[in-house]
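Given next are the chains, with one letter for each unit.
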Amino acid sequence: MEGVGRRELISRAAFASSEGMEAAYQSGAILEGRVTLCDSSLTLHVDCGCMKGIIKREDAVYSEGGESVKDIAIISRVGKTVCFKVIGFVKDRYGERRALLSRRLAQEECLNERLMRLRAGDVIEARITHLEHFGAFCDIGCGIVSMIPIDCISVSRISHPSDRFTVGDRIRAVVAGHTDDGKGRKVCLSHKELLGTWEENAACFESGQTVSGIVRSVEPYGIFVELSPNLAGLADLRPRVRIGDVAAVYIKSILPERMKIKLVIVDTYPNEGKRLKPVYYVPESVTHLEQWVYSPPSCPRYSGRCFGK
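Note that the coordinates shown come from a computational prediction; the quantities given were computed from them, not determined experimentally.

So, how was this worked out
- Residues numbered from 1 in each chain as written.
- Predicted model: local features only at pLDDT ≥ 70, side-chain atom pairs only at ≥ 80, totals over all residues.
- Heavy atoms only, no water.
- Helix = DSSP H or I, 4+ residues; strand = E, 2+ residues; numbered from the N terminus.
- Contact = heavy atoms within 4.5 Å.
- Pairing = 2+ DSSP bridges.
- Axes fitted to C-alpha atoms, helices over the stretch in contact; angles between N-to-C directions.
- Salt bridge = Lys/Arg side-chain N within 4 Å of Asp/Glu carboxyl O.
- Buried < 20%, exposed > 50% of the residue type's maximum accessible area, 1.4 Å probe, protein only.
- Arc of directions from axis to C-beta.
- Polar contact = N/O pair within 3.5 Å; in protein donor to acceptor, adjacent residues only side chain to side chain.

Describing the side chain of Ser11
By the element assignment, Ser11 lies in helix H1 (residues 4-15). Ser11 has contacts with Leu31 and Glu32, leaving out every residue within four places of it along the chain.

Listed below in structure tokens is the structure:
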């Protein structure tokens, strides 16, 4: 997420002393700290180093359009790091100073000042929060969540987002656009455009090599074996091959003009945790894509995406 390292530094300075927390209050800085407790009134207690902080129920989650906030959205923050703004100070019944915090205001500012200004094609950082069969949910800033549909995770088809990600992974993603489902504005994400073109992935392999891959699909006409997250080859049918198996494959030929890699399966064995992690071909210095062309120039079949200006 943009500015994560800088936010950590600001938070560390603020948590060092009461004066630091006061300065964060005056400047309106967004800080982040870990929630240690949710009490019976659904108030979150946050470790702010020099003092304890509290986030009252009404300040725990930002919600557009007056949508009611479910209790689970609050209590599920316990043990996790959240972003917030300091909105004041109070003394508890023992006379100790406490910081009043608002996660809602931090999320609202992040959404309106940064996330809603993103354009299709912008490249951002995100953190995987949970996985469903239809896609991967990501924190794209201050706890605001977006989703990468499963068919946008990579060119090579996967059965479940867990084939590519684990919860907590920090990844890069590209903005596909914005939607409004009546419950609030959302940023839509994609991922495969950052994992290289067909040529870039195929350049890692040569005809005559024997390499390992993962079986992703068994079709009546052949077996697709994933060689990298954005590249799969096709092998002839072979009995007792299952989706998810690790396969040793001989590369018979690489055909850019047909965008195909022909494989021969040498052997297969059960997958004991092998997972092909994303490899980003777009440099970190690149923050926007105008278009992405996956197919090689020699291939008459176009495959890619135009994000526009």
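Having seen it, we continue.
A look at the sheet that holds strand E12 (residues 222-228)
To summarise the sheet geometry, strands pair through backbone hydrogen bonds and adopt either a parallel or an antiparallel arrangement. Pairing is mixed in the closed barrel, where five strands are placed in the order E11-E12-E13-E15-E14. Adjacent strand axes in the sheet meet at a mean angle of 50 degrees when their direction is disregarded. Across nine bridges, the pairing between strand E14 (residues 246-255) and strand E15 (residues 260-269) is antiparallel. The partner of Val249 across the bridge, within E15, is Ile265.

Focus: the pattern of salt bridges
Pairing of side chains with opposite charge becomes possible as their charged atoms draw close. In total, this model carries 13 salt bridges according to the counting rule given. The closest approach of N and O atoms between Arg104 and Asp59, which form a salt bridge, is 3.0 Å. Placement of the pair is Arg104 in helix H4 (residues 103-113) and Asp59 in the loop between strand E3 (52-55) and helix H3 (71-75), with a sequence separation of 45 residues. When its relative accessible area of 10% is taken as the criterion, Asp59 is described as buried. A salt bridge links Asp163 to Arg216; the shortest N-O distance between them is 3.5 Å. Of the two residues, Asp163 sits in the loop between strand E8 (145-149) and strand E9 (170-180) while Arg216 sits in strand E11 (residues 210-219), which places them 53 residues apart along the sequence. Taken together, the salt bridges that share partners define one network made up of Asp163, Arg164, Arg216 and Glu226.

Quick look at H4
Listing the buried residues of H4 in full gives Arg103, Ala106, Gln107, Cys110 and Leu111. Considered in projection along H4, the buried side chains sweep an arc of 125 degrees and stay on one side of the axis. Taken together, the buried residues of H4 touch strand E1 (30-38), E3, strand E4 (81-91), strand E5 (97-102) and strand E10 (185-190). Among the residues of H4, the N-terminal cap falls to Ser102, whose side-chain oxygen and the backbone nitrogen of Leu105 are separated by 3.0 Å.

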